[in-house]
Every structure is written in structure tokens, then in C-alpha cells.
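Observations on the model geometry
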Amino acid sequence: SRNPYRTLSGTSRLAGVMGWPVSHSKSPRLHGYWLAKYGIDGCYMPLPVEPENFQAALISLRNLGFSGVNVTIPQKEMAMPECDELSDRARRIGAVNTVTFAKDGRLLGDNTDGFGFLENLRQEAPDIAFASGPAVVLGAGGACRAVLVALLDEGCPEIRLANRTRKRAEDVAAEIKDPRIKVIDWPVAPDALDGASLVVNTTSLGMVGQPKLEIDLSGLPQTALVTDIVYAPLMTDLLVQAKARGNPIVDGLGMLLHQARPGFHRWFGIDPEVTQELRDFVLSPD
Ligand code: ATR
């Protein structure tokens, strides 16, 4: 390269991730890896923005010539009304995680979490028709909606939705309004797993520092794919239990990596690859 010091210039493309706090975000490491790998003249930075400054900061980033930003907790819902245009999936999920600043100054909002969820399963379990039968989805928080919309779009014939607070699951089902979503009891009884082809944990249970997810998988077909959106640890108790009884499993790290691809593609011009080396790099300390 003619610029071995990777200094920025007036034509460098700029992007980042807004959140509060944002220091824990793996996105700068992830995008930084791809920028270096593909030799792109660009920069992706953490952008700590207090919620009360969110709107002003978003407009400022556009005015500063940024290509776009990712938006993380707690600003995913706040970004929706600020966008001039929303993708169909962002509207249905009810949250925005990727904002692109168009040439004409308009803010285009998208949500790539469901795409990341599906792409991870397609890459890690290419031979499994995970959406061909009923899916059991645990949790009714922010992450669950992206998973539900993705599975419905994938043609999943039935989704059994279970959440500790049943009302939240009923509210999500009422908002997404698809008769294939059926709210079931929490905790999940063994017969609720009958005939399922997929089990997804979208709760925070099993994450480091959180209680573990208690579930009896004895009613689950051994062919069913079991996946978790938790990736710290990579092998949650759910995945350990599923693997021990012979089910195929996919961990949650790939969802994080794949959800970043559409933003990177739009802002920097290349649809980047998710590899084992990237997985190792994103998880390594420093
Ligand atoms: P996010 O938006 O990141 O998904 P969230 O909205 O706080 O986070 O959702 C967390 C999910 O984990 C919810 O489904 C929550 O269940 P409730 O709706 O009943 O709160 C679930 N969850 C968290 N701690 C739990 C626990 N100890 N037992 C059962 N479910 C739990």
C-alpha cells in the first residue's frame, strides 16, 4: 500500500457504533479487522453518546460526512423516528441497528439482526433445514423480535414463543401479528418441544453473570438444531446439554459477525467474509 501508516484523508470513509456505554462493543474490532483485510481507506470508531444527545449526535455525524453508523443498546428504538426511511424489516422488528447517510442527506434505517441470525445458521449448519418445522423461541426482549421476523420470512410453519413474563410474549405476538406465532408456557414443558426443528434462546439466561437456562430437552427430536444468541460463553449450558444428547448446535457469535455485513457492505463497498480467523480475533483479549 502507498499508505503503510493507514493515516486518514479527506476521502476516507467514516463509520462507527453509537451507544451508551459503548466500550464493551466488539464492532470496532470487527469492522477494523475487515478494513485491514480488504485494504480499505476507512475508519470505524466507538462513539459514546449519552441518550439525551442521541438525536443531535446522529445529525452531526451525517453533517460530518460519515457514511453510516451502527446503533446499540439503548438507542436501537430511539433511532427509528429519526430515520427518513425504514427498511421493511426494521419497521416490523421495531428497532434500527444500522443507519446509512444517503448522498442527499436522508437517514436510511435498517435492522440486520435477523439477517445475521439466519446467515449464521446457514453458514454453520448448511445441511439442516432449520425452518422446515416448528421453532421454539425463548424470550420476548429486543433480540427475539428480529429472530421471529427472520424465521417467519424464512417460511417457518409455526413458532412456539415462551417467555417468563407471558404478557410480553403476547404483546410481541400481537404486534408482529402472524398466526404462525403461538405463545406457550414458561418454563417450556418437554411436550412443547415435540416435532420441533429448531430451538433458539434469545433471553440473557446463560450469559456470564446471569442465571443458567433451565430446560428439559427430553421431548426434542435429535435432529433439531439448537442455537443461542448468547456468545459469552460460546458454549452455554443449553448448547452443552443439546450437544450431549446428539443435537446439532450453533453458537451465537456468528450472529454478531453476520449482522455487521450489510452495514460494512453499504459503507465500504465490500460484502465481507466471516471466517474462523475473524471469530478468534473478535474473541481475543486486548
Ligand atoms: P434484550 O432486549 O437484549 O433482548 P431484554 O428486553 O431485557 O433484553 O430481554 C431479556 C429477556 O431475557 C426477556 O425475555 C426476559 O424475560 P422477561 O420478559 O420475563 O423479563 C429474559 N430473562 C432475563 N432474565 C431472566 C430470568 N432470570 N428468568 C427468565 N427469563 C429471563
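Let me begin by describing the structure that accompanies this report. (Residues numbered from 1 in each chain as written. Predicted model: local features only at pLDDT ≥ 70, side-chain atom pairs only at ≥ 80, totals over all residues. Heavy atoms only, no water.)

Around the ligand, 13 residues are found, and the nearest of them are G142, N163, R164, T165 and R168. Residue N163 places a side-chain N or O atom 2.6 Å away from an oxygen atom belonging to the ligand. Between the ligand and R164 there is a distance of 2.9 Å, counted from an oxygen atom to a side-chain nitrogen or oxygen. Bound to the protein, the ligand loses 70% of the 640 Å² it would expose on its own. In the shell around the ligand, the residues fall into four nonpolar, seven polar and two charged. (Near = heavy atom within 4 Å. Polar contact = N/O pair within 3.5 Å; in protein donor to acceptor, adjacent residues only side chain to side chain. Areas by Shrake-Rupley, 256 points an atom, 1.4 Å probe, with all protein chains shown as cover. Nonpolar A, V, L, I, M, F, W, Y, C, P; charged D, E, K, R; others polar.)

What follows deals with the environment of A242. For A242, the position within the fold is in helix α7 (residues 237-244). Sequence-wise, A242 and F101 are 141 residues apart; in three dimensions their C-alpha atoms are separated by 43 Å. Dropping the residues within four chain positions of it, A242 is found in contact with L217, V226, N247 and I249. (Helix = DSSP H or I, 4+ residues; strand = E, 2+ residues; numbered from the N terminus. Contact = heavy atoms within 4.5 Å.)

What follows deals with the pattern of salt bridges. Per the counting criterion, the structure on display carries 19 salt bridges. The residue D185 makes a salt bridge to R166 at a minimum N-O spacing of 2.7 Å. A residue pair is termed long-range when its members are at least 10 positions apart, and D185 in the loop between β9 (181-184) and β10 (198-201) and R166 in helix α6 (residues 166-176) qualify at 19 residues. Residue classification places D185 among the exposed residues on the basis of a relative accessible area of 52%. (Salt bridge = Lys/Arg side-chain N within 4 Å of Asp/Glu carboxyl O. Buried < 20%, exposed > 50% of the residue type's maximum accessible area, 1.4 Å probe, protein only.)

Bringing the pairing of β9 into the picture now. With four bridges joining them, strand β8 (residues 159-162) and β9 adopt parallel strand pairing. Looking across to β9, one finds that I159 is bridged to I181. A crossover connection joins β8 to the parallel β9 through α6; in handedness this β-α-β unit is right-handed. (Pairing = 2+ DSSP bridges. Right-handed = clockwise from strand over helix to strand, strands pointing away.)

Each neighbour pair has its own omega, and for W20 with P21 the value is 0 degrees, a cis peptide bond. Its location among the elements puts P21 in the loop between β1 (13-19) and α1 (27-37). Following W186, the chain continues into P187 via a peptide bond in cis, with omega recorded as 0 degrees. On the secondary structure map, P187 appears in the loop between β9 and β10. In this structure, R6 is a non-glycine residue whose phi angle is positive, near 55 degrees. Within the fold, R6 resides in the segment before β1. Backbone geometry at K177 places phi at a positive 55 degrees, although glycine is not the residue there. For K177, a relative accessible area of 70% gives the class exposed.

Let us look at the environment of S87. Relative to the helices and strands, S87 resides in the loop between β4 (85-86) and α3 (88-93). Placed 23 residues apart in sequence, S87 and D110 show a C-alpha to C-alpha distance of 5.2 Å. When near neighbours in sequence (up to four residues on either side) are disregarded, S87 contacts G109, D110 and N111.

Glancing now at the sheet that holds β10. One open sheet holds the six strands; their spatial order is β9-β8-β7-β10-β11-β12, and the pairing between them is parallel. Taken across any chain shown, the strands that pair with only one partner, and hence form the sheet edges, are β9 and β12 (249-250). Summarising the sheet, β10 and strand β11 (residues 225-228) pair through four bridges and their orientation is parallel. Across the sheet, L198 pairs through a bridge with L225, a residue of β11. The sheet contacts of helix α5 (residues 142-153) involve β7 (135-138), β8, β9 and β10, and relative to β8 the element is tilted by about 170 degrees. (Axes fitted to C-alpha atoms, helices over the stretch in contact; angles between N-to-C directions.)

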